[in-house]
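Residues per chain, in single letters:
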Amino acid sequence: MSKVTIFGAGYVGVPTAAHFSRTHQITIYDPDEQKINNIREVLDGTTHELHIHEKGLPELLRENRENLKLTTDIKEALEDPEFIFISVGTPPNARGRANLKYVCKAAEQIAANLKNDAIILNKSTVPPGTAYMVQDIIASNLKTDFKFAVGSCPEFLAEGSAVEDLRTPDRIVYGCDDPEALRKITEFFSYLHGKATLCPMSTISSELTKYAANSILATKISFMNSMAVLCDSIGANIREIQEGIARDSRIGRKFLNASMGYGGSCFPKDTRAIAEYGRLNGVPLSLIKSTIAINEEIIEYFANKIQDDFNGDLKGKNIAIWGIGFKARTDDLRESKAVEVARFLMDHGTHAFIFDTVKGALTNFEIENQQYKGKFTICQDQYQMFDQDLDGLVIGNEHEKFRNPKMSQLKKMRALNIYDGKNILNNQLIRQLTQEGFNYKSVGKDTVVNGVDKDRLVHFLREKYMD
Ligand code: NAD
Ligand code: UGA
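The structure presented is a predicted model; accordingly, all values stated were derived computationally and were not measured.

**Topic: the site of ligand 1**
Moving on, step 1. Neighbouring ligand 1 are 29 residues; Asp30, Lys35, Thr90, Thr125 and Lys269 lie closest to it.
Moving on, step 2. Glycine 8 is positioned such that a nitrogen or oxygen atom in its backbone is 3.3 Å from a nitrogen atom of ligand 1.
Moving on, step 3. Within the contact set of ligand 1, an oxygen atom lies 2.6 Å away from a side-chain nitrogen or oxygen of aspartate 30.
Moving on, step 4. Its free accessible area being 840 Å², ligand 1 has 89% of it covered by the protein chains.
Moving on, step 5. Lining the shell around ligand 1 are residues from two domains, each supplying at least three of them: domain 1 (3-201) and domain 2 (213-450).

**Here we look at the sheet that holds strand E13 (residues 417-420)**
Moving on, step 1. Strand order in the open sheet made by the six strands is E11-E10-E9-E12-E13-E14, with parallel pairing throughout. If you trace the sheet from one side to the other, it starts and ends with strand E11 (376-378) and strand E14 (439-441), each paired once. The mean inter-strand angle of the sheet, taken between neighbouring strand axes irrespective of direction, is 20°.
Moving on, step 2. Where strand E10 (residues 351-355) and E11 come together, three bridges link them in parallel fashion. Following the sheet pairing, isoleucine 354 is matched in E11 by isoleucine 378.
Moving on, step 3. The strands touched by helix H12 (residues 286-309) within the sheet are strand E9 (318-322), strand E12 (392-395), E13 and E14, with E13 carrying the most contacts at an inclination of about 175°.

**Some remarks on the pairing of strand E5 (residues 118-122)**
Moving on, step 1. The element E5 is extensively covered by neighbouring structure, given that five of its five residues are classed as buried.
Moving on, step 2. Side chains Ala118, Ile120 and Asn122 project from E5 onto one buried face, and the interleaved Ile119 and Leu121 project onto a second face that is buried too.
Moving on, step 3. Looking at chain direction, strand E4 (residues 83-86) and E5 are connected through four bridges and run parallel. Each residue of the ladder has a partner; that of isoleucine 84, found in E5, is isoleucine 120.
Moving on, step 4. For the handedness criterion, the β-α-β arrangement of E4, helix H5 (residues 101-113) and E5 is classed as right-handed.

**Digging into the packing of aromatic side chains**
Moving on, step 1. Per the stated rule, a full pass over the model turns up 18 aromatic pairs.
Moving on, step 2. Between phenylalanine 83 and phenylalanine 188, the ring centres sit 4.7 Å apart and the planes meet at 45°, which makes this aromatic pair tilted. Within this pair, whereas phenylalanine 83 is found in strand E4, its partner phenylalanine 188 is found in helix H8 (residues 179-190), the two being separated by 105 residues in sequence. Neither residue differs from the other here; phenylalanine 83 and phenylalanine 188 are each classed as buried.
Moving on, step 3. An aromatic cluster is defined as three or more aromatic residues linked by ring pairs; in this entry it consists of Phe20, Phe83, Phe85, Tyr174, Phe188 and Phe189.
Moving on, step 4. Above the plane of the ring of phenylalanine 156 lies arginine 171, whose end atom (NZ or CZ) is 3.7 Å from the centre.

**A few points about the packing of H5 against helix H6 (residues 130-141)**
Moving on, step 1. Interhelical geometry of H5 versus H6 gives an angle of 35° and a closest axis separation of 8 Å. In this structure, the crossing between H5 and H6 has a hand that is right-handed. When H5 is examined against H6, the residues Val103, Cys104, Ala107, Glu108, Ile110 and Ala111 are found in contact with a partner set consisting of Thr130, Met133, Val134, Ile137, Ile138 and Asn141.
Moving on, step 2. Split into classes, the residues belonging to the contact of H5 with H6 amount to nine nonpolar, two polar and one charged.

**Concerning the site of ligand 2**
Moving on, step 1. Surveying the vicinity of ligand 2 reveals 21 residues, the closest of which are Phe156, Leu157, Lys210, Cys266 and Glu398.
Moving on, step 2. Lysine 210 is positioned such that a nitrogen or oxygen atom in its side chain is 2.6 Å from an oxygen atom of ligand 2.
Moving on, step 3. Side-chain polar atom of lysine 422 to an oxygen atom of ligand 2: 2.8 Å apart, as the coordinates give it.
Moving on, step 4. Calculation on ligand 2 without its partners gives an accessible area of 710 Å², and the protein chains cover 90% of this total.
Moving on, step 5. Of all the elements, helix H9 (residues 203-234) adds the most residues to the shell around ligand 2, at three residues.
Moving on, step 6. Looking at which domains feed residues into the shell around ligand 2, each of domain 1 (3-201) and domain 2 (213-450) gives three or more.

Thresholds, definitions, all that
- Counting starts from 1 at the beginning of each chain's written sequence and moves along it residue by residue.
- Throughout, the order in which chains and ligands are written sets their labels, letters from A for the former and numbers from 1 for the latter.
- Residue-level local features of this predicted model are given only where pLDDT is at least 70; pairs of side-chain atoms are given and counted only at 80 or more, and the full residue set underlies all totals for whole chains, interfaces and linings.
- Where side-chain values are given, they derive from all heavy atoms of the structure, hydrogens and water being excluded.
- Whether a residue is near a molecule or strand depends on its heavy atoms: it is near if one of them lies within 4 Å of it.
- Polar contacts, as used here, are pairs of N or O atoms within 3.5 Å; protein pairs need one atom able to donate a hydrogen and one able to accept it. Residues neighboring in sequence count only if both atoms are side-chain atoms.
- The Shrake-Rupley method, run with a 1.4 Å probe sphere, supplies the accessible areas, and residue values consider only the shown protein chains as cover.
- Delimitation of the domains relies on an automatic or database domain assignment.
- Any two strands are treated as partners once DSSP identifies two or more bridges connecting them.
- Here a helix means four or more residues in a row that DSSP labels H or I, a strand means two or more in a row labelled E, and each is numbered from the N terminus.
- Every angle, taken between N-to-C directions, lies between 0 and 180 degrees, and every axis is a line fitted to C-alpha atoms, over only the stretch in contact when it is a helix.
- Should any heavy atoms of two residues lie within 4.5 Å, those residues are considered in contact.
- Between buried and exposed lies partly exposed: a residue is buried under 20% and exposed over 50% of the maximum accessible area for its type, with that area taken using a 1.4 Å probe on protein chains only.
- Crossovers are marked right-handed if the path from the first strand over the helix to the second runs clockwise, as seen with the strands pointing away from the viewer.
- Only Phe, Tyr and Trp rings take part, Trp by its six-membered ring, and two of them pair if their centres are within 6.5 Å. Stacked means planes under 30 degrees apart, edge-to-face means over 60, and tilted covers everything else.
- Two thresholds decide whether a charge sits over a ring: the Lys NZ or Arg CZ must be within 6 Å of the ring centre and within 35 degrees of the ring normal.
- Crossings are classed by handedness, with left-handed meaning an anticlockwise turn of the near helix from the far one by less than a right angle and right-handed meaning a clockwise turn.
- In the scheme used here, Gly and all other residues not listed as nonpolar or charged are polar, with Ala, Val, Leu, Ile, Met, Phe, Trp, Tyr, Cys and Pro taken as nonpolar and Asp, Glu, Lys and Arg as charged.

See the structure below:
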């Protein structure tokens with residue numbers, strides 16, 4: 001059992017602390033008193049609700065409360081940890097570069113308060129080389145001559161499934177150029193995971209692995225989104241293409257869902273950050289730049305479909321949005337495409353009725369959209385807005401509750417328009433909806449309604465391909 005201090009009680013820090021506390025002794029340090037008090041209340045059972053919404057997290061924290069300490073006091077945080085994990089935010093700045101001020105501040109605090117030898121691992125997503133900078137900051141500010149090593153240990157959990165992702169990861173990537181420290185990190189993780197899961201490497205490779213992983217996942221989505229636009233144009237179905245390629249085990253099944261774009265606090269930020277890092281290093285990374293461009297175009301493509309259905313005039317319309325979080329089961333609205341659609345609609349004079357299965361997502365929407373006050377209504381129930389002369393329903397994220405809507409409720413709409421931003425309705429339901437008079441739009445499977453214009457395709461081929 002090792003003593004560990006985790007800097008940052010956010011989406012990564014808290015689940016990581018809970019996971020490590022199965023076999024290690026953990027101190028969570030965050031200067032934000034509200035967050036620390038909130039976790040404290042979860043531990044003592046005063047509340048079940050954490051400031052982040054993660055399935056099973058309150059339970060896991062409570063189960064291991066004997067191994068968990070919480071503090072806002074930096075001295076207490078650094079009493080005697082063998083390992084220190086930095087998991088503070090690295091939000092984008094105006095140029096798309098990762099803002100490293102929180103990481104640097106953590107490094108300064110460590111230097112000023114360290115009282116024993118320690119291994120410091122950076123979990124925040126950072127530009128390669130940051131660990132060396134952290135090493136420098138600590139070395140030049142350290143008051144005594146304790147031995148320390150700095151490495152990288154990027155995190156691959158996804159929001160909403162953090163507890164499970166941490167419990168059964170595909171791999172644990174970590175890097176440290178000090179062989180003795182690397183051996184100790186391997187030993188640390190061996191208490192939690194099998195040897196086959198461990199993936200040690202150099203510090204710089206470990207840092208770049210994180211950006212590479214997020215970029216390739218984002219690229220898969222953008223690739224499918226560009227195919228989706230082509231599908232709509234020729235009458236093919238992106239879901240069928242997806243199935244046809246996913247069965248090739250070299251391609252794989254995951255992250256091939258075309259949608260109105262990827263959102264969240266990670267893919268958009270990290271793809272921009274690595275593109276900028278490449279540019280600054282004279283390496284263009286054109287594929288990642290295309291991934292970003294496609295993600296910006298696809299949301300416009302989807303929003304324009306809605307607007308076109310109203311002949312460009314969205315004024316005075318009432319449109320519901322089911323699912324406002326950047327994906328299902330999260331309160332996180334950062335770079336949510338559903339929020340972008342809501343704002344687009346409100347900017348064009350529509351009143352938006354917002355529902356999400358996560359209450360925190362609704363609260364966050366209200367707080368973050370004060371400038372739109374009066375232009376939206378928050379709905380606590382999935383169907384409460386159907387008494388409001390709705391002109392359309394947008395499906396904003398992938399929650400299962402949105403897959404089988406109640407037909408009797410949908411039919412109350414003033415205008416029968418459904419916009420499936422995540423392509424979650426199945427063909428049978430789409431056909432049923434069409435029979436009932438609904439207009440259905442998606443990202444790459446409009447053919448289920450429109451079919452194929454064979455004559456146009458033949459004419460096109462004769463004209464362009466028969467020299
Ligand atoms: P977050 O904003 O939820 O949490 C960051 C926390 O750090 C905040 O509570 C803040 O108060 C705290 N903090 C700031 N300065 C501090 C300091 N000096 N000492 C201690 N705490 C401090 O951020 P997050 O979503 O947990 O992300 C953290 C990092 O992990 C980012 O680099 C992110 O890109 C990366 N990441 C995030 C996810 C995710 O799903 N959110 C997944 C993998 C990696
Ligand atoms: C993502 C990665 O999946 C994590 O491995 C990584 O650790 C994390 O970023 C990070 O670096 O912070 P997350 O942003 O929580 O996790 O969510 P994802 O499930 O990856 O979804 C991201 C976005 O892509 C969502 O908007 C989702 O709707 C969209 N998406 C996902 C698609 O449009 N199609 C897909 O096939 C999959």
